[in-house]
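# Results of the structural survey
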Amino acid sequence: MAIVSTYDELCGSAGYTRALEKQLAPFVDLTIFDLDQYLLRSRHRRIQKLADAHIKDIAAQLRGFDCVNIQLEHGTLGRTVPQITRRFARLAKAAPALSVTFHTILLGDDMPWDIVGRLLARGHVRSAGRVLSDATRGGRLGRGIQGLLRGLQASKPVSVIVHTKRDQRMMQDLYGLRAVHHHPLSFISPEAARSLRARTSRAAHPRLAGLPATAKFIGTFGFLSAYKGFDTAIRALEFLPADHHLLIFGGLHPQGIRREEPLDPYIRKLLSTAHIGQSPLEALRESGLRLAPSGAELTALLNDHPNSLRERVHFMGALSDDEFFAAAALCDVAVFPYLEVGQASSGPISIALEMGTRIIASRTAAFRAFARYHPGLIEFFDIGNFAELATRIQSPGRSAGVPELRYNTATNAATYLEANFLPAPTPAFLACAAE
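Numbering of residues starts from 1 in each chain and follows the order in which that chain's sequence is written. Restriction of local features to residues with pLDDT of at least 70 applies here, the model being predicted, together with a cutoff of 80 or more for giving and counting side-chain atom pairs; totals for whole chains, interfaces and linings are based on all residues. To obtain the side-chain values, all non-hydrogen atoms of the structure were included, while hydrogens and water were left out.

## Structural notes on the sheet that holds strand E4 (residues 98-102)
A pair of strands is considered paired only if DSSP assigns at least 2 bridges between the two. Put simply, DSSP marks the helices as runs of H or I at least four residues long and the strands as runs of E at least two long, and each gets a number from the N terminus on. One open sheet holds the six strands; their spatial order is E2-E1-E3-E4-E5-E6, and the pairing between them is parallel. Strands with a single pairing partner mark the edges of an open sheet, and in this sheet they are strand E2 (31-34) and strand E6 (180-182). Averaged over all adjacent pairs, the angle separating strand axes in this sheet is 20°, with direction ignored. In the sheet, E4 pairs with strand E5 (residues 158-162) via four bridges, with the strands oriented parallel. By the bridge assignment, Thr101 is partnered in E5 with Ile161. The strands touched by helix H4 (residues 81-94) are strand E1 (2-5), strand E3 (68-72) and E4; relative to E3, the strand with the most contacts, the crossing angle is about 160°. Lying on the sheet, helix H7 (residues 165-173) is in contact with E4, E5 and E6; it crosses E6 at an angle near 170°. Geometry is summarised by axes, namely lines fitted to C-alpha atoms with helices restricted to the contacting stretch, and by angles between N-to-C directions that run from 0 to 180 degrees. Whether two residues are in contact is decided by their heavy atoms: any pair within 4.5 Å suffices.

Here it is, written out as structure tokens:
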């Protein structure tokens, strides 16, 4: 079996592929083809030709495998719709038997005129244009890739793997695809999670060494991006006792780092929300208020902001896979305050759940769908409602401890074997592999 994916990268699909490698290793002779992001994401015309040659080389090798899985995040194959669809088609056609894991579902049915109208009504012309552009691009990609798969299903074994039952129905009803499998993201087995929790301690984490043993840790996880809603978690912290600390695990996505930008706009927003490195005067100016203070008033306004959370908000940086698992085990509660952006799944919430951390999530479609696989294990609050989030955090919740999940790494491996037209393992073999 071959998997085509990013692998040696700091990104969600690469992390999931590394987890899949461990889950499938007992059952198949597995080879992973790493999508070279230096080539595939380049804007230079000469390097784009090298990127096409890179895909052509992978496709030539795929013909020697029994089955091929493509971990599809559209942007990992290129920047433009023609690049992505051309390169995907070459890989898909070369595979003797094919499965495609969709980490993002791009719809091509209707334009989001209601969203555009709301943005225009608020004067956000640029944002409205971006929504239309993204919808048009998504529609072209969706029709091109799903249409190709529907055609290939007439001539060879082709299946699809998605992360929710809703996405399964959409693939079947909207695009007419057959053999659509669904399973939530799964990263670490219960046995491995219990072992990691047992050997993880706050004292061993140097960045937390100076905090009191009684401190309560609220964790947020993932790349720093506006749709993650980390600013909601910061605002909730203002309503919580001083012994509550917010740990932000994650950094900027490598593809989101801009040349010669001294401070990312979203990081600036997070610092501003927490009043870190900000004086009262700067906060007033950000609000649009103009003052002309003098004397003692000016001195007070230039001091550190009295509501600064710099001692309680901790930026923990980007983490390796094992560090990410351990970080989830360190926290008293994991918070996922994401905005609704049509996201299909989330790796961090899956990891936190499997590591046995109490979870509070915003009521997005993706998190509601995830909770259906794991009933009773996710607490919810309304998107952006930082006051409700603070109340949730202080309320009694599920005790920490690795849960026994119906959908886990063993059932995930079984789903991949079935989707790749391979014999299903016996229950005894699955239990042995999980250990």
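From this point, things continue past the structure.
## Some thoughts on empty space enclosed by the protein
For cavity detection a 1 Å grid was placed over the protein atoms alone, and a set of points counts as a cavity when a 1.4 Å probe fits there but cannot get out; an open set counts as a pocket when protein lies on both sides within 12 Å along at least five of seven lines, with lining residues being those that have an atom within 4 Å of a point. Grid points are joined across faces, edges and corners, and a volume is the space filled by probe spheres set on the points. This structure, assessed with the given rule, holds three cavities of 30 Å³ or more. Of the pockets and cavities examined, the largest cavity occupies roughly 90 Å³. When residues of the lining of the largest cavity are traced back to their parent elements, those giving at least two are helix H14 (347-354) and helix H15 (365-373). For this classification, Asp, Glu, Lys and Arg are treated as charged, while Ala, Val, Leu, Ile, Met, Phe, Trp, Tyr, Cys and Pro are nonpolar and the rest, including Gly, are polar. The residue inventory of the lining of the largest cavity, partitioned by class, reads eight nonpolar, five polar and no charged. Approximately 50 Å³ is the volume found for the second largest cavity. Contributing to the lining of the second largest cavity are Ile188, Ser189, Pro190, Glu354, Val402, Pro403, Leu405 and Asn408. A class-by-class count of the residues in the lining of the second largest cavity yields five nonpolar, two polar and one charged.

## Let's talk about the nonpolar core
By size, the foremost hydrophobic cluster in this structure holds 55 residues, and its most contacted members are Leu24, Phe221, Phe336 and Met355. Considering each element in turn, this core owes the most residues, six residues, to helix H13 (residues 321-330). With sequence-adjacent residues up to four places away left out, Leu24 is seen in contact with Met1, Ile3, Leu30, Ala413, Tyr416 and Leu417. What makes a nonpolar core is a set of buried Ala, Val, Leu, Ile, Met, Phe, Trp, Tyr and Cys residues whose side-chain atoms join them at distances within 4.5 Å. Each residue is placed in one exposure class: buried if its accessible area under a 1.4 Å probe, protein chains only, is under 20% of its type's maximum, exposed if it is over 50%, and partly exposed if it falls in between. Ile55, Ala89, Met170 and Met171 belong to the second largest nonpolar core, which has 44 residues in total.

## Describing the layout of surface pockets
In this model, the second largest pocket occupies a volume close to 230 Å³. If you go around the second largest pocket, you meet 15 residues; those closest to its centre are Thr200, His205, Glu323, Ala326 and Leu330. With five residues, H13 is the single largest residue contributor to the lining of the second largest pocket.

## Brief notes about the packing of aromatic side chains
Between rings of Phe, Tyr and Trp, where Trp is taken as its six-membered ring, a pair exists when centres lie within 6.5 Å; planes separated by under 30 degrees are stacked, by over 60 edge-to-face, and by other angles tilted. Within this structure, the stated rule accounts for eleven aromatic pairs. Plain terms: the ring middles of Phe239 and Phe386 are 5.7 Å apart, the flat faces sit at 35° to each other, and that makes the pair tilted. In this pair, Phe239 sits in the loop between helix H9 (230-237) and strand E8 (244-249) while Phe386 sits in helix H16 (residues 386-394), placing the two residues 147 residues apart along the sequence. Overall, the relative accessible area of 47% leaves Phe239 in the partly exposed class. An angle of 65° between the planes, with centres 6.2 Å apart, marks the rings of Phe336 and Tyr338 as edge-to-face. An aromatic cluster is present here, built from Phe221, Tyr227, Phe249, Phe324, Phe336, Tyr338 and Phe367 joined pairwise through their rings. Definition used: whenever NZ (Lys) or CZ (Arg) falls within 6 Å of the ring centre and also within 35 degrees of the ring normal, the charge is taken to sit over that ring. One cation-aromatic arrangement involves Arg202 over Phe217; the distance from NZ or CZ to the ring centre is 3.8 Å.

## Some thoughts on the environment of Phe221
Along the polypeptide, Phe221 turns up in strand E7 (residues 216-221). We classify Phe221 as buried; its relative accessible area is 1%. Each C-alpha atom of the pair Phe221 and Ala327 lies 9.0 Å from the other, and the pair is 106 residues apart in sequence. Excluding residues that lie within four positions of it along the chain, Phe221 makes contacts with Phe230, Phe249, Phe324, Ala327, Ala328, Cys331, Ala334, Phe336, Tyr338 and Pro348.

## Things to note about H16
All of the buried residues in H16 are Leu389, Ala390 and Ile393. Take H16 and look down its axis: the buried residues cluster within an arc of 100°, on one side only. Against the buried residues of H16 lie E7, H9, E8, strand E10 (333-336), strand E11 (358-362) and strand E12 (379-381). Comment: arc refers to directions from the helix axis out to C-beta atoms.

## With respect to the sheet that holds E7
On the basis of which strands lie adjacent, the open sheet formed by six strands has the order E9-E8-E7-E10-E11-E12 and parallel pairing. The two strands at the open ends of the sheet, each matched to only one other strand, are strand E9 (313-317) and E12. When strand polarity is set aside, the average angle formed by the axes of neighbouring strands in this sheet is 25°. Strand direction decides the pairing type here: E7 and E10, joined by two bridges, are parallel. Within E10, the residue paired with Ile218 across the bridge is Val333.

Coordinates in, geometry out; function isn't part of it.
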